[in-house]
Amino acid sequence: MTSIQDEMQIPPRIAEGGTVAEKEFIVRRLEERDLPALEWNGEFLHFRNLFLQAFEDMRMGTRLLLVMEHRPSGEIVGQIFLQWNSSDPRFADGRRRGYLYSLRVKPAFQRRGLGTRLMDAAEEILRQRGMDTASIGVEKDNRDARSLYERQGYRIIAEDAGCWSYIDHLGKRQEVSEPAWLMEKKIS
Ligand SMILES: CC(C)(COP(=O)(O)OP(=O)(O)OC[C@H]1O[C@@H](n2cnc3c(N)ncnc32)[C@H](O)[C@@H]1OP(=O)(O)O)[C@@H](O)C(=O)NCCC(=O)NCCS
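Residues numbered from 1 in each chain as written. Predicted model: local features only at pLDDT ≥ 70, side-chain atom pairs only at ≥ 80, totals over all residues.

1. Considerations on the overall build of the chain
Tallying secondary structure elements over the chain gives five helices and nine strands in all. Along the chain, from the amino end to the carboxyl end, the secondary structure elements read α-α-β-α-β-β-β-α-β-α-β-β-β-β. What you see for the chain is a C-alpha radius of gyration of 16 Å, in line with the 16 Å of a compact globule of 188 residues. Principal axes of the C-alpha set define a box for the chain whose edges measure 40 × 40 × 40 Å. Relative to its 188 residues, the chain shows a buried fraction of 28%. Pairs at least 24 apart in sequence give 60% of the contacts found in the chain among residues at least 6 apart. (Helix = DSSP H or I, 4+ residues; strand = E, 2+ residues; numbered from the N terminus. Rg over C-alpha atoms; globule rule 2.2 N^0.38 Å. Buried ≥ 20, exposed ≤ 12 C-beta atoms within 10 Å, placed from the backbone. Contact = placed C-beta atoms within 7 Å.)

2. Quick look at the sheet that holds strand 9 (residues 180-186)
Think of a sheet as strands paired side by side through backbone hydrogen bonds, with each pair either parallel or antiparallel. With respect to topology, seven strands assemble into an open sheet ordered 1-2-3-4-5-9-6, the strand pairing being mixed. With partners counted over all chains shown, the strands left at the sheet margins are strand 1 (25-29) and strand 6 (155-160), one partner each. Across the sheet, the axes of successive neighbouring strands diverge by a mean angle of 25 degrees, strand direction being ignored. In terms of strand pairing, strand 5 (residues 133-139) meets strand 9 through seven bridges, oriented antiparallel. (Pairing = 2+ DSSP bridges. Axes fitted to C-alpha atoms, helices over the stretch in contact; angles between N-to-C directions.)

3. Here we look at the nonpolar core
The nonpolar side chains of a soluble globular protein tend to be buried, and buried together. With 39 residues, the main nonpolar core has Leu65, Leu66, Leu100, Leu118, Ala121 and Ala122 as its most contacted residues. Put simply, the parts of the chain that give this core at least two residues each are strand 1, helix 3 (48-60), strand 2 (63-70), strand 3 (75-83), strand 4 (97-105), helix 4 (114-128), strand 5 and strand 9. When residues of this core are assigned to their parent elements, the largest contribution, seven residues, is made by helix 4. Ignoring sequence-local partners within four residues, the contact set of leucine 100 consists of Ile80, Leu82, Met119, Ala122, Ala134 and Ile136. (Core = buried A, V, L, I, M, F, W, Y, C linked by C-beta atoms within 7 Å.)

4. Section: the pairing of strand 9
Pairing geometry for strand 6 and strand 9, over five bridges, is antiparallel. Pairing of arginine 155 across the sheet is with glutamate 184, part of strand 9.

5. Digging into the site of the ligand
Close to the ligand lie 17 residues, the nearest being Arg104, Val105, Gln110, Gly115 and Thr116. Mapped by element, the contributors of at least two residues to the shell around the ligand are strand 4, helix 4 and helix 5 (143-151). In the shell around the ligand, the residues fall into six nonpolar, six polar and five charged. (Near = placed C-beta within 6 Å. Nonpolar A, V, L, I, M, F, W, Y, C, P; charged D, E, K, R; others polar.)

6. Side note on the environment of glutamate 39
With respect to the helices and strands, the residue glutamate 39 is situated in the loop between strand 1 and helix 3. With 15 C-beta atoms counted inside 10 Å, the residue glutamate 39 sits in the partly exposed group. Along the backbone, glutamate 39 and phenylalanine 51 are 12 residues apart, and their C-alpha atoms lie at a distance of 8.8 Å. Every residue in contact with glutamate 39, bar those within four places of it in the chain, is listed here: Phe44, Leu45 and Arg48.

7. Regarding the environment of tyrosine 154
For tyrosine 154, the location among the structural elements is in the loop between helix 5 and strand 6. Along the chain, tyrosine 154 and methionine 183 lie 29 residues apart, while their C-alpha atoms are 5.7 Å from each other. Leaving out residues up to four positions away in the same chain, tyrosine 154 has contacts with Ile136, Tyr149, Met183, Glu184 and Lys185.

Here it is as structure tokens:
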């Protein structure tokens, strides 16, 4: 089955990179075989079910999961997830506003532009869907990520209590409370 997402293309300058240093990494859609790599050798094992659900949602066409692969080693070193719809239209409304989340880059690969490149790729995909606004949440105490987003043109538009829950890898419900800022950027 071919979905709209299969037809979306990340421009080569973002997917493949322009400079020699950038070309060491590629941004691509997550494949099923990549799922264990999202657990980062156990650090995110508790999110196993969430990753699986997000992957199923991608198959259904409601989300897109992008990863960054270090080409020489094949290691997955970063990720960003996108969703088009949300129960809260401040996050995504399925039409003009899309939500970016779960951005992370492995510590050893941080501060060399990879997080920014993942965001560029995600914003480009929202544009291809005809969306003109990207939103992203950032925990209030995550000043580094907030400053990165501000440098990328995101502005705070709302507070979010950040209360949510998930079923961990042992089948136990975990409640999360992460007070956050909701930020947005015009991308058209
Ligand atoms: C937030 C996060 C994704 C950023 O990833 P990253 O790959 O380090 O991002 P970048 O390299 O594009 O940008 C980070 C900073 O490095 C700087 N930078 C970019 N290229 C650089 C380079 N070659 N040399 C030095 N610094 C560089 C950027 O200017 C940016 O600075 P700023 O924060 O002052 O704006 C990463 O720190 C992370 O995974 N953190 C843990 C998870 C997390 O907090 N995720 C966000 C959830 S809201």
